[in-house]
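Coordinates in review
As a plain string of letters, each chain reads:
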Amino acid sequence: MRRRGRGQGAVTEALEGLFGSMESGAKVRESLALAYWAGAVGPQAAAATEAETVRDGILFVRTKSSVWSHELTFLKPHILAELNRRIGRPIIKEIIYRAQGVKKSAVVDERIENPSEEDLTLVALSTDEKVALLKELDSLVSIPDEKMRQSITVRVTRDHNLRRWRLDRGWKQCAGCTALHDTDGNLCPICRLCRKPYAQ
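In short, a report on the structure. The numbers attached to residues start from 1 for each chain and follow its sequence in the written order. At least 70 in pLDDT is required for a residue's local features to be given in this predicted model, at least 80 for side-chain atom pairs to be given and counted, and no such filter applies to totals for whole chains, interfaces and linings, which use all residues. Side-chain descriptors were evaluated using all non-hydrogen atoms of the structure, hydrogens and water having been removed beforehand.

Brief notes about the pattern of salt bridges
Definition used for salt bridges: Asp or Glu carboxyl oxygen within 4 Å of a side-chain nitrogen of Lys or Arg. Counting across every chain of the model gives nine salt bridges. Of the charged contacts, one joins Glu 129 and Arg 164 as a salt bridge, the two residues approaching to 2.7 Å between their closest N and O atoms. With Glu 129 in helix H7 (residues 127-138) and Arg 164 in helix H8 (residues 146-168), this pair connects stretches of sequence that are 35 residues apart. Buried means the residue's accessible area, taken with a 1.4 Å probe over protein chains only, is under 20% of the maximum for its type, while exposed means over 50%, and partly exposed covers the values in between. Here Glu 129 falls in the buried class, since its relative accessible area comes to 13%. Taking the relative accessible area as the measure of exposure, Arg 164 reaches 19% and is therefore buried. Residue Asp 159 pairs with Arg 155 through a salt bridge whose shortest N-O separation is 2.9 Å. Taken together, the positions of Asp 159 and Arg 155, both in helix H8 and four residues apart, correspond to about one turn of that helix. Of the residues examined, Asp 159 reaches a relative accessible area of 24% and is grouped as partly exposed. On the accessibility criterion, Arg 155 (13% relative accessible area) is buried. Ionic contacts of the salt-bridge type, sharing partners, join the residues Glu 52, Arg 62 and Arg 98 into one network. Secondary structure counts use DSSP, requiring at least four H or I residues in a row for a helix and at least two E residues in a row for a strand, with both numbered from the N terminus.

Re the packing of H7 against H8
Note on definitions: angles span 0 to 180 degrees between N-to-C directions of axes, and those axes are lines fitted to C-alpha atoms, for helices only across the stretch in contact. Here H7 crosses H8 at 160°, and the two axes come no closer than 10 Å. If you check the angle between H7 and H8, you find them roughly antiparallel. The hand of the H7/H8 crossing is right-handed. In this structure, H7 contributes Glu 129, Ala 132, Leu 133, Glu 136 and Leu 137 to the contact, and H8 contributes Thr 153, Val 156, Thr 157, His 160, Arg 163, Arg 164 and Leu 167. Classification convention: Asp, Glu, Lys, Arg as charged; Ala, Val, Leu, Ile, Met, Phe, Trp, Tyr, Cys, Pro as nonpolar; all other residues, Gly among them, as polar. For the contact of H7 with H8, the residue count by class is five nonpolar, three polar and four charged. For classification purposes, an angle smaller than 35 degrees is called roughly parallel, one larger than 145 roughly antiparallel, one from 65 to 115 roughly perpendicular, and anything else oblique. By definition, any crossing whose near helix is turned counterclockwise from its far helix by less than a right angle is left-handed, and any crossing with a clockwise turn is right-handed. Any pair of residues with heavy atoms lying within 4.5 Å of one another is described as a contacting pair.

Right, dumping it as structure tokens:
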């Protein structure tokens, strides 16, 4: 996982203050899982799934087929960790996949760029990015299932390469949540929607 900088800590504290003062703060945090789903699972899985709703820390996700549900179940620990990292707190406790098809179009966001696997193998990570990747891969050693460990290793490596690929093509890191986006301004659409006063 990417390390949080001092700025990210300030963002988290500000969010805690904002949500803590709202009666519906817990529900707002839960709803962030819906917004962060595509970024947490990547464009390919996002196109085959649809995060529907969250109830009491349980995220319900529709999938195109039982095959997708089965595959994503293996990746559930990694997805949960990534979702909660983006949210800033361990809000999501469980993910339930339902093979009921997806109601949306095949592409989650037309602005998401999907480089080929060959493009990603040619990506040159910086020294810091390599260190961050190796640190995250080292954390996977504790996973006893070799097949699952290899699958997650491929996914994590791809995520790091995709991030660099997008940065090289003008994507920006959100000043609020650090997620990458290709929209105008310093904030991603979600952070603009929240209208964080400390980031304006």
